[in-house]
Amino acid sequence: MAQLLTDTEIQAQVSRLSGWTVEASKLQTTRKLKDFIGAVEFVNKLVEPAESLGHHPDIEISYNKVTITLTTHDAGGLTQNDFELAEIISQIS
């Protein structure tokens with residue numbers, strides 16, 4: 001099982017991520033795309049990195065907005081896996 005990060009480690013890592021916030025042991029960002037099709041296309045780009053890391057985000061689509069939430073469910077909070085995937089997601093356009 002992945003090791004939970006301390007509050008200090010979490011704050012240090014989230015400070016390096018633009019557009020991400022931490023709330024209730026979850027790392028979250030919202031992307032606004034052109035339209036619904038753009039939102040779905042963006043979500044489809046998340047499949048390969050999530051599968052390759054074996055770490056899957058919670059995803060919510062509301063028309064042209066995609067909210068991505070990361071947490072390591074089996075560890076009960078945030079781990080290095082969440083921040084690794086967040087860094088990858090941050091580079092996807």
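Residues numbered from 1 in each chain as written. Predicted model: local features only at pLDDT ≥ 70, side-chain atom pairs only at ≥ 80, totals over all residues. Heavy atoms only, no water.

As recorded in an unreviewed UniProt entry, the protein chain goes by Putative pterin-4-alpha-carbinolamine dehydratase and comes from Umezakia ovalisporum FSS-62. What UniProt states about the protein chain under its Catalytic activity (unreviewed entry) heading is, verbatim, "(4aS,6R)-4a-hydroxy-L-erythro-5,6,7,8-tetrahydrobiopterin = (6R)-L-erythro-6,7-dihydrobiopterin + H2O". Regarding the protein chain, the UniProt comment filed under Sequence similarities (unreviewed entry) reads as follows: "Belongs to the pterin-4-alpha-carbinolamine dehydratase family." (UniProt positions renumbered as here; feature names shortened; annotations may be inferred.)

1. Here we look at the environment of M1
Relative to the elements of secondary structure, M1 occurs in the segment before α1 (7-14). Taking the C-alpha atoms as reference points, M1 and Q80, separated by 79 residues in sequence, lie 11 Å from one another. In this structure M1 touches D74 and A75, once residues within four positions along its chain are discounted. (Helix = DSSP H or I, 4+ residues; strand = E, 2+ residues; numbered from the N terminus. Contact = heavy atoms within 4.5 Å.)

2. Overview of a nonpolar patch on the surface
A surface patch of nonpolar side chains, about 490 Å² in accessible area, is lined by F36, I37, I59, I61 and Y63. Along the chain, the position of Y63 falls in the loop between β3 (58-62) and β4 (65-70). Its relative accessible area of 52% is what places Y63 among the exposed residues. (Patch = residues over 30% accessible without salt bridge, like charges linked within 9 Å, V, L, I, M, F, W, Y side chains within 5 Å. Areas by Shrake-Rupley, 256 points an atom, 1.4 Å probe, with all protein chains shown as cover. Salt bridge = Lys/Arg side-chain N within 4 Å of Asp/Glu carboxyl O. Buried < 20%, exposed > 50% of the residue type's maximum accessible area, 1.4 Å probe, protein only.)

3. Some thoughts on the nonpolar core
If you look at the biggest cluster of nonpolar residues, it comprises 20 residues, and the most contacted ones within it are W20, L27, F42, I68 and F83. When residues no more than four places from it in sequence are discounted, the contact partners of L27 are V14, L17, W20, T21, V22, I68, T69, L70, L78, D82, F83 and A86. (Core = buried A, V, L, I, M, F, W, Y, C linked by side-chain atoms within 4.5 Å.)

4. What about the pairing of β3?
As defined by bridge partners, β3 adjoins β4 across 5 bridges and the pair is classed as antiparallel. Across the sheet, D58 pairs through a bridge with T69, a residue of β4. Here β3 folds back onto β4 in antiparallel fashion, the turn holding 2 residues, of which Y63 has a positive phi close to 50°. (Pairing = 2+ DSSP bridges.)

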